[in-house]
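Fold and contact review
Given next are the chains, with one letter for each unit.
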Amino acid sequence: MKIAVLGTGYVGLVSGVCLAAKGHDVTCVDLRAEVVDKLNRAEPHIHEVDLPELLKKVVAEKRFRATLSLEEAMREAAFVLLAVGTPSSDGKIDLNYIGKACEQIGAILKKSDRFISIVVKSTVVPGTTDTFVRGVLEKTSGKKLGQFGLGMNPEFLREGNAIDDFMKADRIALGHEDKQTLALLHEAYLPWSCEKLEVNTRTAEMIKYANNALLAIQISAANELANLCFEMGNIDIQQVMGGVHLDKRWNPVGSAGGRVNPQILTYLMAGCGFGGSCFPKDVQALRTLGQEQKLPMQMLQAVLDINDRQPLQIIRLLRARLQPLEGRKVLVLGIAFKPDTDDVRESASLRIIRELAQLNCQITAHDPIAADNARKELSDVKFSLVTDWPAEVAKVDAIVVATKWPEYAALKKANGIEGKVVVDARRMFRPGDFEKLNYLTIGRRELE
Ligand SMILES: NC(=O)c1ccc[n+]([C@@H]2O[C@H](COP(=O)([O-])OP(=O)(O)OC[C@H]3O[C@@H](n4cnc5c(N)ncnc54)[C@H](O)[C@@H]3O)[C@@H](O)[C@H]2O)c1
């Protein structure tokens, strides 16, 4: 079937390419001419594992193209998938891009007498599709729901694993306000054999938020426990969580007799806080939505507060060994909010770099693929980006490992590492990997 995708970011581009790879005919629309040109040359403008190969394949097979013209993309499409950004503004969801996109769609609907469905894929708070989106579409098209279709199909992909997550989706929520849209979504996702949930658009929206909120709750819970272990001393959160992870309710024994080790356990580990384009803004938006309903939303507020403070643990660890910390030379390894992505949005590493800059530290930083994005994001901060991080080790007082990129495993054997303070914000190393007094990490403090 013919599908139009509006927005070619991490979600729009990956959705478009994957739907094309499953046999559909996809046209992606974006506002940025350089992005459209690149995509038509089969060059992705974002970093995502397996994306270059898959994009090349679907462009060559003429099942995927990009355009600046929404009208052209919508001409024969069965539905439009709306995948524009929904950033956070003062803790609330900013619906500017969604609103503008709906106005553009509405203007095209007005001129056409063909039925087409509009399906929101962007993350929007419950009630957005059936009120705001519907309202803008009806106003600008002069039509009523029923003359066009309306759906909400949230996306659960994780950056860095996006293609695999989309291709092997664990469930697909088919949020809809009319039967025709439900039928179209079933047809689009026919090649997927996972559970498909037929729900209204509000429920689909809430599934996405509930999912992210619960994962964020786990991370903040692990971090709070880690900080308590640190204060107590002689308790290592890693060993504690290792014990918790053996509870068969978290980690059942599989049919072969070994532990299943579900991925959920990776959200029950200590670190320097969650980041990325989703968790922080989604938890904030849900908290604010609840408060607007006059609910206190204490749990989500606590999750955000804990997360906001967690990067400061790194400064605390540095201060424990370097007195004064002001003016010291610090190498920060990793700026992306997690490995395998070039996305630095809301990364804890950015916060650490900003805090160090406030202390007049001389900061050098490295990231294998997110350096360009970091440069833009930190344009107001005095720091320098390096490509040859091992060469920096001997020149600095301390090294902070802020993203778990596999290449940083070489730190323990780096030239000049002797005598340097190593702060492991991601529990990447074992305590014995470095000199005892110089290795500091989240959730662990030896009593002297
Ligand atoms: N990134 C993720 O891991 C992820 C995962 C699940 C859900 N989401 C949600 O999906 C949505 C998109 O996220 P993203 O990370 O892909 O965003 P993004 O910022 O990377 O991409 C948004 C794209 O939309 C384009 N755009 C904006 N307005 C447009 C318009 N009127 N016409 C055409 N193009 C337009 C922008 O140019 C940009 O390319 C958000 O709501 C986000 O919360 C993101």
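Residues numbered from 1 in each chain as written. Predicted model: local features only at pLDDT ≥ 70, side-chain atom pairs only at ≥ 80, totals over all residues.

**Considerations on the overall build of the protein**
Heads up, the rule is: Numbering of helices and strands runs from the N terminus; a helix is a DSSP stretch of H or I covering at least four residues, while a strand is a stretch of E covering at least two. Counts of 20 or more other C-beta atoms within 10 Å of a residue's own C-beta define buried residues, counts of 12 or fewer define exposed ones, and intermediate counts define partly exposed ones; C-beta atoms are placed from the backbone.
Along the backbone of the protein there are 16 helices and 16 strands. Each principal axis of the C-alpha atoms in the protein carries an extent, and together these give about 75 × 50 × 45 Å. Per-residue burial for the protein yields a buried fraction of 45% across its 448 residues.

**Quick word on the environment of K62**
Among the structural elements, K62 can be located in the loop between α3 (51-60) and β3 (64-67). Once the C-alpha coordinates of K62 and V119 are considered, the two residues, 57 residues apart in sequence, prove to be 24 Å apart.

**Considering the site of the ligand**
For clarity, the threshold we go by: Near, as applied to residues and a molecule or strand, means the residue's backbone-placed C-beta atom lies within 6 Å of it. Basically, the charged four are Asp, Glu, Lys and Arg, the nonpolar ten are Ala, Val, Leu, Ile, Met, Phe, Trp, Tyr, Cys and Pro, and anything else, Gly included, counts as polar.
G7, G9, G85, T86 and S122 are the nearest of the 26 residues found near the ligand. Elements that contribute at least two residues to the shell around the ligand include exactly α1 (10-21) and α5 (96-111). The element best represented in the shell around the ligand is α5, accounting for four residues. Split by residue class, the shell around the ligand holds eleven nonpolar, ten polar and five charged.

**Re the sheet that holds strand β7 (residues 117-120)**
Note the cut-off: The pairing criterion is simple: DSSP has to find at least two bridges between the two strands. What counts as an axis is a line fitted to C-alpha atoms, over the stretch in contact for a helix, and the angles between N-to-C directions run from 0 to 180 degrees.
In spatial order, the strands read β3-β2-β1-β4-β7-β8-β9-β10; together these eight strands make up an open sheet with mixed pairing. Single-partner strands in this sheet number two, and they are β3 and β10 (195-199). The mean angle between the axes of side-by-side strands here comes to 25°, regardless of whether they run parallel or antiparallel. Pairing of strand β9 (residues 171-176) with β10 involves five bridges; the strand directions are parallel. By the bridge assignment for β10, I172 is matched with K196.

**Topic: the domain arrangement of the protein**
Applicable threshold: What fixes the domain bounds is an automatic or database domain assignment. Note on contacts: residues are paired as contacts if their backbone-placed C-beta atoms lie within 7 Å.
Structurally, the protein comprises domain 1 (2-199), domain 2 (200-308) and domain 3 (311-448). Using C-alpha coordinates to define each centre, domain 2 is positioned 24 Å away from domain 3. At the interface, 18 residues of domain 2 touch 20 residues of domain 3. For the side of domain 2 that touches domain 3, the secondary structure elements donating two or more residues are α9 (201-232) and α10 (237-244). Taken together, the residues of the side of domain 2 that touches domain 3 break down into eight nonpolar, nine polar and one charged.

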